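Spelled out, the chains give:
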Amino acid sequence: MDFKAKIRVIKDFPQPGIRFKDITTLLKDGQAYQAAIDQLASFAESKGADLVVGPEARGFVIGAPIAYKLGKGFVPVRKSGKLPAEAVQAEYDLEYGKDALAIHKDAIVKGQKVLVADDLLATGGTISTTINLVEQLGGEVVGCVFLIELTYLNGREKLGSHYDVYSLVQY
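First things first, this report covers the structure right here in the doc. (Residues numbered from 1 in each chain as written. Predicted model: local features only at pLDDT ≥ 70, side-chain atom pairs only at ≥ 80, totals over all residues. Heavy atoms only, no water.)

Further remarks concern the nonpolar core. Within the largest apolar cluster, 28 residues are counted, with the highest numbers of intra-cluster contacts made by Ile66, Leu115 and Leu147. When residues of this core are traced back to their parent elements, those giving at least two are helix H2 (30–47), helix H3 (58–70), strand S7 (113–121), strand S8 (140–149) and strand S9 (165–170). Among the elements that take part in this core, H2 stands out by supplying 7 residues, more than any other. The contact partners of isoleucine 66, leaving out residues within four places of it in the chain, are Ile37, Leu40, Ala41, Ala44, Val52, Leu115, Ala117 and Val145. One finds Val88, Ile108, Val114 and Phe146 within the second-largest nonpolar core, a separate group that totals 25 residues. (Core = buried A, V, L, I, M, F, W, Y, C linked by side-chain atoms within 4.5 Å. Buried < 20%, exposed > 50% of the residue type's maximum accessible area, 1.4 Å probe, protein only. Helix = DSSP H or I, 4+ residues; strand = E, 2+ residues; numbered from the N terminus. Contact = heavy atoms within 4.5 Å.)

This structure, assessed with the given rule, holds 3 aromatic pairs. On the basis of an interplanar angle of 10° and a centroid distance of 5.0 Å, the ring pair of phenylalanine 43 and tyrosine 166 is categorised as stacked. Here the residue phenylalanine 43 occupies a position in helix H2, and tyrosine 166 occupies one in strand S9, the gap between them amounting to 123 residues. Under the relative-accessibility criterion, phenylalanine 43 is labelled buried at 14%. Judged by relative accessible area, tyrosine 166 falls into the partly exposed class, the value being 22%. For the ring pair phenylalanine 60 and phenylalanine 74, a centre distance of 5.9 Å and an interplane angle of 80° mean the geometry is edge-to-face. Taken together, the positions of phenylalanine 60 in helix H3 and phenylalanine 74 in strand S4 (residues 73–79) put the pair 14 residues apart, joining distant regions of the chain. On the basis of relative accessible area, phenylalanine 74 is assigned to the partly exposed category, the value being 25%. The residue whose ring lies beneath lysine 4 is tyrosine 171, and the NZ or CZ to ring-centre distance is 4.6 Å. The cationic tip of lysine 21 hangs over the ring face of tyrosine 171; the distance from NZ or CZ to the ring centre is 4.9 Å. (Phe/Tyr/Trp six-rings, centres within 6.5 Å; stacked < 30°, edge-to-face > 60°. Lys NZ or Arg CZ within 6 Å of the ring centre and 35° of its normal.)

From the geometry alone we can't say anything about function, so treat these as descriptive.
Have a look at this one:
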């Protein structure tokens with residue numbers, strides 16, 4: 001399936017010069033969404049993951065159905081202050097400032113194999129922070145999957161060669 005044809009590109013959003021990749025057009029197409037999840041899950045299955053982890057919010061709509069398809073658990077990574085139980089957090093740099101992500105301390109058991117799933121790999125900041133949280137808890141990241149990879153932002157290089165990265169569509 002031509003997944004790129006299912007993704008709407010919006011010029012000058014959220015600011016001039018940006019070409020925003022809108023996945024809502026793919027998500028609303030049941031056949032395309034199912035095919036995308038099936039393809040990402042196929043990669044994930046080959047990695048032998050025990051859990052799937054996804055950062056909010058779009059990582060939930062990618063990671064949760066992959067976990068369901070594989071019969072594995074899903075662990076949400078949230079913005080700091082959004083989780084109800086004891087959590088660990090890590091800060092990361094944004095273009096203009098900092099942000100933080102958090103995960104419940106009991107979400108991952110030491111030695112569990114974890115697949116990280118999100119909609120987009122851009123600069124790698126969110127995913128690097130997610131990986132950091134998984135590894136703080138003793139999890140082993142066995143792969144990272146994305147609907148879209150913006151190759152010109154070099155996020156894959158930020159992750160390094162330690163992680164197996166798979167993306168359906170590249171820009």
